[in-house]
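The lines below spell out each chain.
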Amino acid sequence: MAVERLPLSTVLPRAWIGFCSGPWPCVGLTALAMTSATGLGLLAQELHASSNAWIRHGGDVIWLLSFVVPLLPLLALLRLADNLLPGSAADDPPQAKERLPWLLRQSLALVAIETLILLGGITMIRGLFNLLIHHSGVLAALSILIGSGALLTWTMSQLLALPLLIHHGHRPLAAMEHSRNLIKHNRAKVLALVGLLLGLNLLGLMGACLGLLLSLPLSALILMASCRTQTPWRRD
């Protein structure tokens, strides 16, 4: 298997070209994701304040929906970003673009698998800490450090799993493995990519978070541009 390289030097120009190709659909999908998350979260908070137990249970359901529903416009944003990037029409594989229901199912399955692994890792670290704290505080603290480091490393290795699934039409486990292998051979570039995304969205938080309407679409375009490891930058 050939070693793939992240095209870090071209992701930002590609992202800007893609954004200029369709700014309003990108901003609209971002606004829809932010509005659905905020609106459902506020509704859940109001329901939790009720004295009726059934209404509070309904608030729990709404609270869960506040995480699930925004995934749909965010997924649509990533798919749109994949189509807007330069050269996508001729060079990219057509599988994911032709099967939107399939893509939706696979993406939700990927998010569910990664969430379960993350929650399982946190539970395991907490259980190990509770077991060791009665014998040695040093060992308990060491278990927290080692476990947190391993979990953070795994989380970083899955940074590109969803973009790769969308771009290549992978199934969830294949997307996770592809992301792990790609990041394994591009550690320094991935750190630079994470720094770029963090800096971009910190800037977006300025101005009462309205800047996120620009920074989140650009982040989606940067992530999708990072998947084009085998696509020469010919048409730009």
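In the block above lies the structure referred to throughout.
Residue positions are counted from 1 within each chain, in the order its sequence is given. Whole-chain, interface and lining totals are the exception, using all residues; otherwise, since this is a predicted model, local features are given only for residues with pLDDT of at least 70 and side-chain atom pairs are given and counted only at 80 or more. Hydrogens and water molecules were not included; the side-chain quantities draw on all heavy atoms of the structure.

### A short note on the environment of serine 215
Where helices and strands are cited, they refer to DSSP runs of H or I of at least four residues and of E of at least two residues respectively, numbered from the N terminus. Mapping serine 215 onto the fold places it in helix 12 (residues 212-226). With a 1.4 Å probe rolled over the protein chains alone, any residue whose accessible area is under 20% of its type maximum counts as buried; one over 50% counts as exposed, and the rest are partly exposed. For serine 215, a relative accessible area of 2% puts it in the buried group. Separated by 102 residues in sequence, serine 215 and isoleucine 113 place their C-alpha atoms 27 Å apart. Among the polar contacts made by the side chain of serine 215, one reaches the side chain of asparagine 201 at a distance of 3.2 Å. Side-chain atoms alone can form a polar contact between residues adjacent in sequence; in general such a contact is a pair of N or O atoms within 3.5 Å, and within protein one must be able to donate a hydrogen while the other accepts it.

### Brief notes about the packing of helix 8 (residues 137-157) against helix 10 (residues 172-184)
Only the stretch in contact is used when fitting a helix axis, every axis being a line fitted to C-alpha atoms; angles between N-to-C directions are given from 0 to 180 degrees. It is at 8 Å that the axes of helix 8 and helix 10 come closest, and there the two elements cross at 105°. One way to sum up the angle between helix 8 and helix 10 is to call them roughly perpendicular. Together, Trp154, Met156 and Ser157 of helix 8 and Met176, Ser179, Arg180 and Ile183 of helix 10 make up the contact between the two elements. Note that Gly is not counted as nonpolar here; it falls among the polar residues with everything else outside the nonpolar set of Ala, Val, Leu, Ile, Met, Phe, Trp, Tyr, Cys and Pro and the charged set of Asp, Glu, Lys and Arg. Looking at the contact of helix 8 with helix 10 residue by residue, the classes come out as four nonpolar, two polar and one charged. In what follows, roughly perpendicular refers to angles from 65 to 115 degrees, roughly parallel to angles under 35, roughly antiparallel to angles over 145, and oblique to any angle outside these ranges. Contact criterion: two residues are considered in contact whenever any of their non-hydrogen atoms come within 4.5 Å of each other.

### Thoughts on a nonpolar patch on the surface
Patch rule: a residue counts if its relative accessible area is over 30% and it has no salt bridge; like charges are joined within 9 Å, and nonpolar side chains (Val, Leu, Ile, Met, Phe, Trp, Tyr) within 5 Å. Accessible surface area values rest on a Shrake-Rupley calculation with a 1.4 Å probe, where residue burial reflects the displayed protein chains alone. Each salt bridge in this description consists of a side-chain nitrogen of Lys or Arg and a carboxyl oxygen of Asp or Glu lying within 4 Å of one another. Together, Val61, Trp63, Leu64, Leu65, Phe67 and Val68 line one region of the surface with nonpolar side chains, adding up to about 570 Å² of accessible area. The topology assignment puts phenylalanine 67 in helix 3 (residues 53-68).

### A closer look at the packing of aromatic side chains
Geometry of aromatic contacts follows a simple scheme: Phe, Tyr and Trp rings, the Trp one being its six-membered ring, pair when their centres are within 6.5 Å, and the pair is stacked under 30 degrees between planes, edge-to-face over 60, tilted otherwise. Taken as a whole and judged by the stated rule, the model has two aromatic pairs. Summarising the aromatic geometry, the rings of tryptophan 63 and phenylalanine 67 are spaced 4.9 Å apart at their centres and angled 80° between planes, so their arrangement reads as edge-to-face. With a gap of four residues between them, tryptophan 63 and phenylalanine 67 both fall in helix 3, about one helical turn apart. Given the relative accessible area of 43%, tryptophan 63 is considered partly exposed.

As far as function goes, none of this settles anything; it's purely spatial.
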